[in-house]
Amino acid sequence: MHVLVLGGTTEARELAGALHPVPGLRVTSSLAGRVAAPRLPVGEVRIGGFGGADGMARWIRDNAVDAVIDATHPFAETISFNAAGAAATAHVPLLALRRPGWVAGPGDDWREAGSLAQAARAVAGAGRVFLTTGRTGLAAFASVDDAFFLVRSVDAPEPPFPPHMEVLLDRGPFTLEGERDVLARHRIDVLVTKDSGAAATAPKLAAAREAGLPVIVVRRPPVPAGVPAVPTAAAAAAWVQSLAPGAVSG
């Protein structure tokens with residue numbers, strides 16, 4: 001049985017690690033290749049795009065894939081819709097591994113934004129902004145010239161980006177002590193983040209709460225309808241192992 005894991009997340013690496021030792025199971029993890037030095041899962045790895053839903057469907061057929069798991073980032077909207085289309089075309093089962101989103105607690109001052117563009121409008125004139133939405137979305141903030149941005153990303157961003165900006169190259173997991181230091185050292189007034197739901201990056205929310213800072217939280221994009229989903233790698237691994245040979249194509 002051959003399983004294609006669309007990955008790049010912590011959960012995808014956990015899933016590959018759980019499935020790799022299962023007898024009779026072949027696992028291929030696919031990464032988009034947007035990070036220069038990605039953390040690789042165990043087992044087979046392919047890097048790069050498929051060429052849309054049709055290209056993914058061809059790859060599934062050409063490589064005798066029996067099942068697909070979409071374990072991509074919650075904001076990887078395009079690949080999730082491509083996976084749904086490809087799985088339907090290739091007639092293979094598809095499961096989404098979607099980590100739960102963050103939930104505000106007592107003392108949090110969260111303001112929801114429906115998009116990066118809306119978040120950019122919300123922080124205009126806001127002083128010093130800690131921007132943790134990734135390097136690929138900086139164009140949305142490029143026209144904000146009355147605020148300073150501390151941009152944290154794994155790789156250096158490319159223009160367009162805000163005119164008043166400092167880049168902090170770093171990769172999670174982050175600690176509460178470290179996030180407190182970043183907020184204090186850079187005199188941050190507001191935090192902007194996507195609702196990624198990742199535990200590795202959640203300490204910034206606790207640090208902002210302690211400092212009494214507002215947090216602009218960008219809502220997740222829509223997901224394909226009708227795709228079954230689980231919240232953990234363990235649940236996804238159980239789904240794979242529950243597939244009887246007669247229940248999959250190949």
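Residues numbered from 1 in each chain as written. Predicted model: local features only at pLDDT ≥ 70, side-chain atom pairs only at ≥ 80, totals over all residues. Heavy atoms only, no water.

K.L.:
Before we move on, could you go through the sheet that holds strand β4 (residues 67–70) and cite the residues and values that matter?
P.N.:
If you trace the six strands from one edge of the open sheet to the other, you get β3-β2-β1-β4-β5-β12, paired in parallel fashion. Unpaired on one side and paired on the other, β3 (44–47) and β12 (229–230) mark the two borders of the sheet. On top of the sheet, helix α2 (residues 52–62) reaches β1 (2–6), β2 (26–31), β3 and β4; it is set at about 150 degrees to β1, its chief contact. (Pairing = 2+ DSSP bridges. Helix = DSSP H or I, 4+ residues; strand = E, 2+ residues; numbered from the N terminus. Contact = heavy atoms within 4.5 Å. Axes fitted to C-alpha atoms, helices over the stretch in contact; angles between N-to-C directions.)

K.L.:
Mind laying out the packing of aromatic side chains, listing which residues take part and the relevant values?
P.N.:
For the structure shown, the criterion picks out two aromatic pairs. Relative to Trp59, the ring of Phe50 has its centre 5.8 Å away and its plane inclined at 75 degrees; by these criteria the two rings are edge-to-face. Residue Phe50 shares its accessibility class with Trp59, and that shared class is buried. Here the aromatic rings of Phe141 and Phe149 are separated by 5.7 Å at their centres, their planes lie at 65 degrees, and the arrangement is edge-to-face. Comparing Phe141 with Phe149 shows no difference in burial state: the two are buried. Of note, Arg46 hangs over the ring of Phe50, and the distance from its end group to the ring centre comes to 3.8 Å. The ring centre of Phe148 lies 4.2 Å from the NZ or CZ of Arg128, which sits over that ring. (Phe/Tyr/Trp six-rings, centres within 6.5 Å; stacked < 30°, edge-to-face > 60°. Buried < 20%, exposed > 50% of the residue type's maximum accessible area, 1.4 Å probe, protein only. Lys NZ or Arg CZ within 6 Å of the ring centre and 35° of its normal.)

K.L.:
Help me get a handle on the pairing of strand β5 (residues 94–97), residues and values and all.
P.N.:
Of the two faces of β5, the one holding Leu94 and Ala96 and the one holding Leu95 and Leu97 are both buried throughout. Here β4 pairs with β5 via three bridges, running parallel. What sits directly across from Val68, in β5, is Leu94. As a crossover connection, the stretch from β4 through helix α3 (residues 77–90) into β5 is right-handed. Across two bridges, β5 lies against β12 in parallel orientation. Across the sheet, residue Ala96 finds its bridge partner in β12, namely Ala229. (Right-handed = clockwise from strand over helix to strand, strands pointing away.)

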